[in-house]
Amino acid sequence: ILAHSRLCLVALILVAPVLATVAWIGAVPTHSYAQDVFYVLNGAWRVMNGQAPHVDFYSTFGPVIFLVVALGLKLSRLDIQGIGYGIALTGLLVSAGALRLASRRLAALPALLLTLYVTLLCVTPYPLGMDPSRLSHAMSYNRIGYALLCLVMVEAFLPARDSKRFAWLDSAITGLACVQLLFLKASFFLVAAALVALSLFSNRRKMLAAAATALAAALAFLAFLHFDAASMWADLRIAAAARSDGITPSVFFSAAARHWVDL
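Residue positions are counted from 1 within each chain, in the order its sequence is given. Thresholds applied to this predicted model are a pLDDT of at least 70 for local features of residues and 80 or more for the giving and counting of side-chain atom pairs; totals over whole chains, interfaces and linings are not thresholded and use all residues. As a rule here, side-chain values come from all non-hydrogen atoms in the structure, and water together with hydrogens is ignored.

Draft legend 1. The arrangement of helix H7 (residues 168-182) in detail. Secondary structure elements follow DSSP: runs of H or I of four or more residues count as helices, runs of E of two or more count as strands, with numbering from the N terminus. Between the first and last residue of a helix there are one fewer steps than residues, each counted as 1.5 Å, and that sum is the expected span. Helix length check: H7, at 15 residues, gives a terminal C-alpha distance of 22 Å against a target of 21 Å (1.5 Å per residue), a fit within 8%. In this scheme, a residue with accessible area under 20% of its type's maximum is buried, one over 50% is exposed, and one in between is partly exposed, where area comes from a 1.4 Å probe on protein chains only. Looking at H7, one finds that the buried residues are Asp170, Ser171, Ala172, Ile173, Thr174, Gly175, Ala177, Cys178, Val179 and Leu181.

Draft legend 2. Helix H10 (residues 229-245), seen in detail. In a regular helix each residue adds 1.5 Å, so 17 residues correspond to 24 Å; H10 covers 25 Å between its end C-alpha atoms and thus fits that length. Among all positions in H10, only Ser231, Met232, Asp235, Leu236 and Ala239 are buried. Projected down its long axis, H10 shows its buried positions confined to an angular sector of 130°, all on one face. Across H10 from its buried face, at more than 90 degrees, point the exposed residues Ala230, Trp233, Arg237 and Asp245. In this fold, the buried residues of H10 make contact with H7 and helix H8 (186-198). The directions considered for the arc are those from the helix axis to the C-beta atoms. Contact between two residues is taken to exist if any of their heavy atoms lie within 4.5 Å; hydrogens are not considered.

Draft legend 3. Representation of the packing of aromatic side chains. Only centres within 6.5 Å qualify two rings of Phe, Tyr or Trp (six-membered ring in Trp) as a pair; their planes then separate them into stacked at under 30 degrees, edge-to-face at over 60, and tilted for everything else. Applying the stated criterion across every chain, the model contains seven aromatic pairs. Relative to Tyr141, the ring of Phe61 has its centre 4.1 Å away and its plane inclined at 35°; by these criteria the two rings are tilted. Here Phe61 is found in the loop between helix H2 (34-48) and helix H3 (63-75), whereas its partner Tyr141 is found in helix H6 (residues 140-157), with 80 residues between them in sequence. Members of the aromatic cluster, each reached through a chain of ring pairs, are Tyr39, Phe57, Phe61, Phe66 and Tyr141. Ring-over charges, as used throughout, are those where CZ of Arg or NZ of Lys falls within 6 Å of the ring centre and within 35 degrees of the ring normal. The side chain of Arg143 reaches across the aromatic face of Tyr126, ending 4.7 Å from its centre.

Draft legend 4. Layout of the environment of Leu113. As for its placement among the helices and strands, Leu113 is situated in helix H5 (residues 108-123). Overall, Leu113 belongs to the exposed group, its relative accessible area being 51%. Expressed as a C-alpha distance, the spacing of Leu113 and Gly43, which sit 70 residues apart in the sequence, is 34 Å.

Draft legend 5. Main features of the nonpolar core. What is meant by a nonpolar core is a set of buried Ala, Val, Leu, Ile, Met, Phe, Trp, Tyr and Cys residues, joined one to another through side-chain atoms within 4.5 Å. Counting residues in hydrophobic clusters, the biggest one holds 61 residues, and the most contacted among them are Ile65, Val69 and Phe183. Top contributing element to this core by residue count: H6, with nine residues. Apart from the residues lying within four places of it in its own chain, the contact partners of Phe183 are Gly62, Pro63, Val64, Ala218, Phe221, Leu222, Leu225 and Met232.

Draft legend 6. Inspection of a nonpolar patch on the surface at higher detail. Patch membership needs two things, relative accessible area over 30% and no salt bridge, and members are linked within 9 Å if like-charged or within 5 Å if nonpolar (Val, Leu, Ile, Met, Phe, Trp, Tyr). Areas reported here follow the Shrake-Rupley algorithm with a probe of radius 1.4 Å; residue values treat only the protein chains shown as occluding. Basic side-chain nitrogens of Lys or Arg form a salt bridge, by our definition, when they fall within 4 Å of a carboxyl oxygen of Asp or Glu. The grouping of Leu71, Leu75, Leu89 and Leu92 at the surface amounts to a nonpolar patch, some 340 Å² of accessible area in total. Here Leu92 is to be found in helix H4 (residues 82-103). In this structure Leu92 comes out as partly exposed when scored by relative accessible area, which is 43%.

Draft legend 7. Structural view of the pattern of salt bridges. With the rule as written, the count across this model stands at four salt bridges. As a salt-bridge pair, Arg104 and Asp170 come within 2.4 Å of each other at their nearest N and O atoms. Here Arg104, found in the loop between H4 and H5, pairs with Asp170, found in helix H7; they are 66 residues apart in sequence, far enough to count as distant. Across the pair, Asp170 and Arg104 agree in class, each one buried. Salt bridges sharing common partners tie together Arg100, Arg104, Arg105, Glu155 and Asp170.

In C-alpha cells form, the structure reads like this:
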C-alpha cells in the first residue's frame, strides 16, 4: 500500500504541472485550423443552451467534446479561456485511468512514463502530426481519442500482475473508454472494438464488468441525445460518405510512403 501511495504521489508531481499549465494558458494563440476551434466552441455554446448534437444541430462528432468544452466555459463564466479548463480536467481523468491500469501491469518507472505520456497526448495544445510550435486546440478530440485508445490497449494486451480487490475496475475503465470513443468520434470506437476483440476478452467477469459499464455509459449519453439514435446514425452516415470519397488506394499508399520510417 505504501509503495502504491508513493507511486501515486510521484505521478501527481509529474502530471499536475502539465495540467495546471494547460488550464493557466487556456486558449492558446491559434496558429493552425482556427475554424475547428470555433466549431467546437459553437457546439459547446449550443449544449450550454439546451441543444444536443445530432438532435438539434448537425454534427460529425458526438457530445463528448462539446460537453468537455461546455464544462470549461461554465467554470470560466463563458470566457474562452475555459477551453483550457475543460481539456485539463479531461487530462486529469485520463491520467487517473492510465495510472490505475499501468500501476497493476508495469514496474514503477514504465508506469509513470506511460501515465505522463498519455496525459501529454491528451492535453498538449497543437494538432497531432504538426510542428509543436503551431499552437492550437484544433482537433483536440483526436488527442482525447488517442489517449482513450491507449487505455484500451493497456488493459486489453497487458495482463495484470496481481488479482487485487476491485480488479473489475480495469475492465470497467475499458468499457467506459469504448463508449466515450463512440460518442466522441465513431472511427475511434471502431478501432477500440477491434482491439478488444483481438485481445481475446475471454474472462467472463472482465466481460461482464466492461459490458455493464459500457451499457450504463451508453444509456447516459443516449438520454442526453433524447434517445434519438436515428439522428446520430444519420449524421454519421453523412460524415462517413464524405470521408470515404477522399480515401482511395493512392491516398493510402502515398501516406504509407511518407511515413514509412514511423511505420
